[in-house]
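# A structural walkthrough
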Amino acid sequence: MLAKAKRDISKKNKTPMPSNVDILEVYHKSGGSDERIVSMLRTRPVRSLSGVVNISVLTKPFDCPGKCVFCPLQSNAPKSYLKNEPAVMRAVSNKYDAKKQINTRIESLKATGHPTGKVELRIVGGTWSFYPLDYREEFIKKCFDACNKEDSSSLEEAQKKNETAEHRIVCLSVETRPDFINKKEVLQMRKMGVTMVEVGIQSLFDDILQKSRRGHDVKCSANATKILKDAGMKVCHQVMLNMPGSSPEKDLQTFKMLFEDSSFRPDFLKIYPCVILKEAPLYKMYKQGRYVPYPEEKVIEVIKEVKKNIIPPYVRIQRLFRDIPSNSIAGGSKMSNMREIIAKDALKEGWKCSCIRCREIKGKYTPEENIQIKKMSYQSSGGEDIFFSAEKNDNLYAILRLRITKSPIIKNAAIIREIHTYGQQVLVKGKGNSPQHKGLGKKLISLAEKEAKEKGKSKIAAIS
């Protein structure tokens, strides 16, 4: 309907058809703020349909302690990243300046009609924990300064200002290796404001890790997961399919162990098929015939089995493929739209994935729905995790993760590791046709408080 109206007006006035971004710019300049009009013009609406907008910023290149055979190395790019990846191109054009990267991304999101009041900030590039401490602290301070639209004299001051800023960082994520996680490092992360950590565990077979020269073992991954959870962190495991020495059967076994073994059971997953890049040592192994990836159809088969029969409802699959342009891939899977293809297959084959991302309400919210609260408890990393969810008919509206452990970061406290309401992002104190700001969060917190008391905890803490 909108496209037809634009065509008719352009034809009548004999002018080029305006883009939605052009119309939005004029609408905002004229003082327009009707959410119905903005949502109609919004491009790629999925960017803010999980209740937040994601912004990725890259740290500048530093040496990396890892010697992984699959990691590329290019000049002026952090190890494991390529200069033609979209996020890297933005970082390079902004000279890896944290503030400039965030400002560029926020302006782009606003121009395409997305609210930017709740930001999920992801800091990527190399091994975060290996970077110099003063650089890390200054980098995060600049991220807060950008969202606050003003500079602060210290990180603590910037964090405090952000509590009432226009762009609030509601989740701050970094990525690192499991062998760099210890209690001292996690306390430092908490001081910086980190709330989620992506850990590259890659496989749950030591022989596969050794063949890829990962430099850590499976036991190290389990230990890192426990330390992070006991500190209240959300934990994302990065898992790689098709690594040297692996097979479809071994990869499936890794996923089964990931959720059958209580030493793991992450909150989030990123699944990356191993790809061959000319800038990585694996390329030489590939050319010499010492590494042969299994076929792409097998990769899809494995992921479909994971989504269909293995993933529990408390996990969110964040990604299924790295954002690497296909012309940079010399071998292995090149299917960057794997998630969409598998979703179409699931519809045709009559099955559903239970992961959080596949069940989020997105833009289908209707206020009249009778939302139910569900509770799921499971043993995890030497403690108990309780997953509360607000849902109806396989649609997920809000979640809360509560952790009960003998060794919490705050003595005798139950820890809320995550509380999140999904659907179209609504600005703080704003209103809209979305589950946000409808009291679901308060209801879940009330249940968490009751649960904590029943478990003998005298107080409750929430990561922030």
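Right, let's walk through the structure included here. (Residues numbered from 1 in each chain as written. Predicted model: local features only at pLDDT ≥ 70, side-chain atom pairs only at ≥ 80, totals over all residues. Heavy atoms only, no water.)

## Comments concerning the overall build of the chain
Helix and strand content of the chain: 16 helices and 14 strands. At 23 Å, the chain has a C-alpha radius of gyration in line with the 23 Å of a compact globule built from 464 residues. Overall, the C-alpha framework of the chain stretches about 65 × 60 × 55 Å when taken along its three principal axes. Burial statistics for the chain: of 464 residues in total, 54% are counted as buried. (Helix = DSSP H or I, 4+ residues; strand = E, 2+ residues; numbered from the N terminus. Rg over C-alpha atoms; globule rule 2.2 N^0.38 Å. Buried < 20%, exposed > 50% of the residue type's maximum accessible area, 1.4 Å probe, protein only.)

## Some details on the sheet that holds strand β12 (residues 395-404)
With respect to topology, five strands assemble into an open sheet ordered β10-β11-β12-β13-β14, the strand pairing being mixed. The open sheet is flanked by β10 (372-380) and β14 (459-462), the only strands paired with a single partner. Geometrically, the sheet is characterised by an average inter-axis angle of 25° between neighbouring strands, direction not taken into account. Sheet strands touched by helix α16 (residues 440-454): β10, β11 (383-392), β12, β13 (413-421) and β14. Its angle to β12, the strand with the most contacts, is close to 30°. (Pairing = 2+ DSSP bridges. Axes fitted to C-alpha atoms, helices over the stretch in contact; angles between N-to-C directions. Contact = heavy atoms within 4.5 Å.)

## Things to note about the nonpolar core
Judged by nonpolar contacts, the single largest core of 99 residues is most densely connected at Leu121 and Ile123. Sequence-distant contacts of isoleucine 123, that is, excluding residues within four places in its chain, are made with Val57, Thr59, Trp128, Phe139, Ile140, Cys143, Leu172, Ser173, Val174 and Glu175. Among the nonpolar cores identified, the runner-up in size contains 13 residues, and Cys68, Cys71, Leu282 and Tyr291 belong to it. (Core = buried A, V, L, I, M, F, W, Y, C linked by side-chain atoms within 4.5 Å.)

## Digging into the sheet that holds strand β4 (residues 196-202)
In space, the seven strands of this open sheet follow the order β1-β2-β3-β4-β5-β6-β8, with parallel pairing throughout. Strands at the two margins of the open sheet, each flanked by one partner only, are β1 (53-58) and β8 (316-319). Recorded for the sheet is a direction-independent mean angle of 25° between the axes of neighbouring strands. In terms of strand pairing, strand β5 (residues 234-241) meets strand β6 (residues 268-273) through six bridges, oriented parallel. Within β6, the residue paired with valine 239 across the bridge is isoleucine 271.

## A short note on helix α13 (residues 296-310)
With 15 residues, α13 should reach 21 Å at 1.5 Å per residue; the first-to-last C-alpha distance of 20 Å fits that figure. Taken as a whole, α13 has its buried residues at Val299, Ile300, Val302, Ile303, Lys304, Val306, Lys307 and Ile310. Of the surrounding elements, those touching the buried residues of α13 are β5, α11 (248-260), β6, β8, α14 (338-349) and α15 (356-359). (Expected span 1.5 Å × (residues − 1).)

## Section: the environment of asparagine 94
Tracing the sequence through the fold places asparagine 94 in the loop between α4 (86-93) and α5 (98-111). Through-space distance from the C-alpha of asparagine 94 to that of threonine 104 is 8.5 Å; in sequence the pair is ten residues apart. Once residues within four sequence positions are removed from consideration, asparagine 94 is found in contact with Lys100, Gln101 and Thr104.

## Quick word on the pattern of salt bridges
Note that side chains of opposite charge can pair when their charged atoms are close. Going through the model one piece at a time under the given rule, you end up with 32 salt bridges. Residues aspartate 394 and lysine 352 are paired through a salt bridge, measuring 3.5 Å at the closest nitrogen-oxygen approach. Of the two residues, aspartate 394 is situated in the loop between β11 and β12 and lysine 352 in the loop between α14 and α15; the sequence distance between them amounts to 42 residues. Taking relative accessible area as the criterion, aspartate 394 reaches 43% and is therefore assigned partly exposed. One network of salt bridges, with partners in common, ties together Lys226, Asp230, Asp267, Asp385, Arg401, Arg403, Arg417 and Glu418. (Salt bridge = Lys/Arg side-chain N within 4 Å of Asp/Glu carboxyl O.)

## Focus on the state of the cysteines
The final tally for this structure, using the stated rule, is zero disulfides. Here cysteine 143 is not cross-linked by a disulfide; its sulfur's nearest cysteine counterpart is in cysteine 147, at 7.3 Å. What makes cysteine 143 buried here is its relative accessible area of 0%. Counting only cysteine sulfurs, cysteine 358 is the nearest neighbor of cysteine 353, a cysteine outside any disulfide, at a range of 3.8 Å. (Disulfide = S-S within 2.5 Å.)

## Considerations on the environment of lysine 364
Mapped onto the secondary structure, lysine 364 falls in the loop between α15 and β10. Between the alpha carbons of lysine 364 and asparagine 433 there is a distance of 9.3 Å; along the sequence they are 69 residues apart. Ignoring any residue separated from it by four or fewer positions in sequence, one finds lysine 364 in contact with Glu369 and Asn395. Polar contacts involving the side chain of lysine 364 include one to the side chain of asparagine 395, which spans 3.4 Å. (Polar contact = N/O pair within 3.5 Å; in protein donor to acceptor, adjacent residues only side chain to side chain.)

## Here we look at the side chain of serine 80
Its location among the elements puts serine 80 in the loop between β1 and α4. Its relative accessible area of 16% is what places serine 80 among the buried residues. Sequence-distant contacts of serine 80, that is, excluding residues within four places in its chain, are made with Cys71, Pro72, Glu85 and Arg322.

## Quick look at helix α8 (residues 183-192)
Along α8, the residues classified as buried are Glu185, Val186, Gln188, Met189 and Met192. For α8, the arc enclosing every buried residue in end-on projection is 155°, short of the 170-degree limit, so these residues lie on one face. Set apart from the buried face of α8 by more than 90 degrees, the exposed residues are Lys183, Lys184 and Leu187. In this fold, the buried residues of α8 make contact with α6 (133-148), α7 (155-162), β3 (168-176), β4 and α10 (218-230). Where α8 begins, the capping side chain belongs to asparagine 182, and its oxygen is found 3.2 Å from the backbone nitrogen of lysine 184. Looking one or two residues past α8, glycine 193 carries a phi angle of roughly 100°, positive in sign. (Arc of directions from axis to C-beta.)

## A word on the pairing of β12
Of all ten residues in β12, ten are buried, a share of seventy percent or more. Bridging between β11 and β12 involves nine bridges; their strand directions are antiparallel. Counterpart to alanine 390 in the pairing with β12 is alanine 398. Where β11 hands over to β12, the hairpin turn is made up of two residues, of which asparagine 393 adopts a positive phi near 50°. Looking at chain direction, β12 and β13 are connected through six bridges and run antiparallel.

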